[in-house]
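Architecture and fold: a report
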Amino acid sequence: VTALDLAVIGGDGIGPEVTEQAVAVLQAALAAEGRPEARLTDYALGAEHWLATGETLTDETLEALRGHDAILFGAVGAAPGDTRVPSGLIERQMLLRLRFALDHGVNLRPATLYPGAKSPLTQPRDIDFTVVREGTEGPYVGNGGVIREGTEHEIATEVSVNTAHGVRRVVRDAFERADAGERKRLTLVHKHNVLVHAGHLWRRTVEAVAADFPEVTWDYMHVDAATIFLVTDPSRFDVIVTDNLFGDILTDLAAAITGGIGLAASGNINVEGTAPSMFEPVHGSAPDIAGQGVADPVAAILSAALLLEHVGEAGAAGRVRTAVWAHLEDRADGDRGSTAEVGADVARRV
Ligand code: NAD
Ligand code: IPM
Ligand code: MN
């Protein structure tokens with residue numbers, strides 16, 4: 001039996017705080033399954049690392065990361081008002097560079113209303129859907145620029161890139177997930193009434209791939225309407241497939257309706273298996289609460305469960321999820337406790 005070989009990137013702010021708990025829970029779950037302890041390699045990356053070294057992500061670090069079975073990631077980024085760090089520098093040159101270089105074509109973001117979790121919706125029920133967000137394209141690619149900067153005639157562009165390859169890969173993955181589930185429903189979310197070029201590529205791709213999944217029923221929704229239904233009738237969704245930017249926005253909303261950003265997990269999946277996948281909470285470095293030991297580590301812990309499942313440790317993954325369910329049920333009427341207390345409680349239940 002070979003031990004799981006993991007890279008761990010804590011990052012900035014609450015990133016290292018929640019990642020520490022996720023690692024402890026992951027090790028506890030492996031131990032409970034009689035599996036060997038995972039081997040861990042820590043990587044110092046993020047805004048603090050850049051301030052200290054001037055490095056965002058070197059080619060050497062990227063190559064070293066490629067050698068691991070999977071990556072557990074916390075969060076990076078400075079406080080929005082921190083003038084020492086240019087906005088977007090770490091996000092683009094470190095986090096997005098990793099997602100692009102490791103070809104994380106599918107950004108998997110499940111949204112489940114756990115028993116006991118507090119939704120702001122008045123009648124939340126049966127919320128259990130997955131957003132399959134494209135991970136390497138769209139307006140995120142940095143295909144833009146600025147001319148005549150600072151003048152009356154400035155023009156700034158961010159051109160969304162959508163390739164047949166990238167769209168097909170994420171759409172196929174979404175259909176596979178819908179087909180493997182019970183409800184077998186897929187919703188394409190886009191805005192093809194305005195973004196006609198990309199929108200039509202997405203629609204044609206869904207139509208074509210749908211032919212291979214006769215049991216899956218699919219529909220289409222404009223992204224603005226999707227925000228309505230996520231609030232008024234989220235139980236109508238099963239698998240949502242959408243582009244990189246729409247998926248980013250919809251998954252913060254999905255987190256909010258299922259009990260908060262502190263619970264939302266994600267996986268950046270390399271579908272082809274050519275590089276390690278990376279698992280991280282949907283939330284960021286939360287500078288407003290960093291260093292206080294109060295961040296909720298559940299999102300990071302559930303991201304570790306996604307990691308375990310991805311690497312074939314389904315038993316350990318199931319243990320983590322069951323432990324989190326029980327933990328959330330118990331915390332329903334009181335304080336959740338500190339980051340360390342939540343982590344210890346989940347680890348104990350594992
Ligand atoms: P954020 O997700 O960091 O914080 C939004 C709000 O949610 C804050 O009030 C924060 O306190 C709260 N919150 C987040 N995680 C929480 C947790 N686990 N428990 C309790 N409360 C939690 O988003 P932001 O403020 O827009 O961004 C802060 C920084 O993080 C920025 O630099 C941004 O670029 C970066 N960011 C990074 C990632 C990532 O690394 N994957 C994701 C999102 C944002
Ligand atoms: C997320 C974050 C990132 C994204 C940023 C920090 C690049 O918001 O993981 O949701 O937009 O994908
Ligand atoms: Mn986001």
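Please read these numbers as outputs of a predicted model, since none were measured by experiment. (Residues numbered from 1 in each chain as written. Chains lettered and ligands numbered in written order. Predicted model: local features only at pLDDT ≥ 70, side-chain atom pairs only at ≥ 80, totals over all residues.)

1. Observations regarding the domain arrangement of the chain
- Once the domains are mapped, the chain shows domain 1 (1–113 + 261–350) and domain 2 (119–128 + 136–258).
- A straight line from the C-alpha centre of domain 1 to that of domain 2 covers 24 Å.
- In this assembly, 18 residues from domain 1 lie in contact with 18 residues from domain 2.
- Contributing elements (two or more residues each) for the side of domain 1 that touches domain 2: helix H4 (89–101) and strand S4 (106–112).
- Per-element tally for the side of domain 1 that touches domain 2: the top contributor is S4, with five residues.
- Classifying every residue of the side of domain 1 that touches domain 2 gives ten nonpolar, four polar and four charged. (Domains from an automatic or database assignment. Contact = placed C-beta atoms within 7 Å. Helix = DSSP H or I, 4+ residues; strand = E, 2+ residues; numbered from the N terminus. Nonpolar A, V, L, I, M, F, W, Y, C, P; charged D, E, K, R; others polar.)

2. Side note on the site of ligand 2
- Around ligand 2, the surrounding shell consists of Gly 77, Glu 91, Leu 95, Leu 96, Asp 248, Val 282 and Gly 284.
- Top element by residues in the shell around ligand 2 is H4. It accounts for three residues.
- Here the shell around ligand 2 is composed, by residue class, of three nonpolar, two polar and two charged. (Near = placed C-beta within 6 Å.)

3. Details of the environment of Leu 98
- If you trace the backbone, Leu 98 turns up in helix H4.
- Note on Leu 98: 23 C-beta atoms within 10 Å, which makes it buried.
- Setting aside anything within four residues of it in sequence, one finds Leu 98 in contact with Leu 57 and Met 278. (Buried ≥ 20, exposed ≤ 12 C-beta atoms within 10 Å, placed from the backbone.)

4. Some points on the sheet that holds strand S1 (residues 5–11)
- What the ten strands build is an open sheet, ordered S2-S1-S3-S12-S11-S4-S5-S10-S8-S9; its pairing is mixed. Every other strand in the sheet has two partners, leaving strand S2 (39–42) and strand S9 (217–222) as the edge strands with one partner each. Going across the sheet, the axis of each strand differs from the next one's by a mean of 20°, ignoring polarity.
- Of the pairings in the sheet, the one linking S1 to strand S3 (residues 70–75) comprises five bridges and is parallel in character. Each residue of the ladder has a partner; that of Ile 9, found in S3, is Phe 73. (Pairing = 2+ DSSP bridges. Axes fitted to C-alpha atoms, helices over the stretch in contact; angles between N-to-C directions.)

5. Examining the site of ligand 1
- Within the structure, ligand 1 sits among 21 residues, and Gly 77, Gly 262, His 283, Gly 284 and Asp 296 are positioned closest to it.
- When the residues that make up the shell around ligand 1 are grouped by side-chain class, the tally is twelve nonpolar, five polar and four charged.

6. Focus: the environment of Gly 312
- On the secondary structure map, Gly 312 appears in the loop between helix H9 (298–310) and helix H10 (314–331).
- The sequence separation of Gly 312 and Ala 31 amounts to 281 residues, and the corresponding C-alpha distance is 15 Å.

7. Points about the pairing of S4
- Burial within S4 is extensive, with six of its seven residues counted as buried.
- Sheet topology note: the S4/strand S5 (residues 128–134) ladder contains seven bridges and is antiparallel. Across the sheet, residue Ala 111 finds its bridge partner in S5, namely Phe 129.
- Of the strand pairs in this sheet, S4 and strand S11 (residues 265–269) are connected by three bridges, and their pairing is antiparallel. From the neighbouring strand, Asn 107 faces S11, where its bridge partner is Asn 268.

8. Focus: the nonpolar core
- Membership of the largest hydrophobic core comes to 96 residues, with the highest contact counts inside it found for Val 25, Leu 72, Ile 301, Ala 304 and Val 320.
- In terms of residue count, the dominant contributor to this core is H9 (ten residues).
- When we break this core down by domain, the ones giving at least three residues each are domain 1 (1–113 + 261–350) and domain 2 (119–128 + 136–258).
- Sequence-distant contacts of Val 320, defined by excluding residues within four places in its chain, comprise Val 25, Ala 29, Ile 301, Ala 304, Ala 305, Leu 308 and Val 350. (Core = buried A, V, L, I, M, F, W, Y, C linked by C-beta atoms within 7 Å.)

9. Concerning the pairing of S11
- Most of S11 is tucked away, with five of its five residues classed as buried.
- Bridge analysis of S11 against strand S12 (residues 277–281) gives four bridges, and the strand direction is antiparallel. Opposite Asn 268, over in S12, you have Met 278 as the bridge partner.

10. Some points on the packing of H9 against H10
- With their axes 7 Å apart at the nearest point, H9 and H10 run at an angle of 155° to one another. When the interaxial angle is binned, H9 and H10 end up roughly antiparallel. H10 is crossed by H9, and the crossing has left-handed handedness. Within the contact between the two elements, H9 uses Val 298, Ile 301, Leu 302, Ala 304, Ala 305, Leu 308 and Glu 309 and H10 uses Ala 314, Ala 316, Ala 317, Val 320, Arg 321 and Val 324.
- For the contact of H9 with H10, the class distribution of residues is eleven nonpolar, no polar and two charged. (Parallel < 35°, antiparallel > 145°, perpendicular 65-115°, else oblique. Left-handed = near helix turned anticlockwise from the far one by under 90°.)

11. Section: the packing of helix H1 (residues 15–32) against H10
- Between H1 and H10, the shortest axis-to-axis distance is 9 Å and the interhelical angle comes to 125°. Judged on the interaxial angle alone, H10 and H1 are oblique. At the point where H1 passes H10, the crossing takes the right-handed sense. Contact with H1, carried on its side by Val 25, Ala 29, Leu 30 and Ala 32, involves Ala 316, Arg 319 and Val 320 of H10 and no other residues of that element.

12. Remarks on H4
- Maximal helix bending in H4 amounts to about 25°, located at Leu 95.
- Listed as buried for H4 are Ile 90, Met 94, Leu 95, Leu 98 and Arg 99.
- Those residues of H4 hidden inside the fold are in contact with helix H2 (47–53), S11 and S12.
- The positive-phi residue at the C-terminal boundary of H4 is Asp 103, with phi of around 55°. (Bend = angle between axes of the 7 residues up to and from the residue.)

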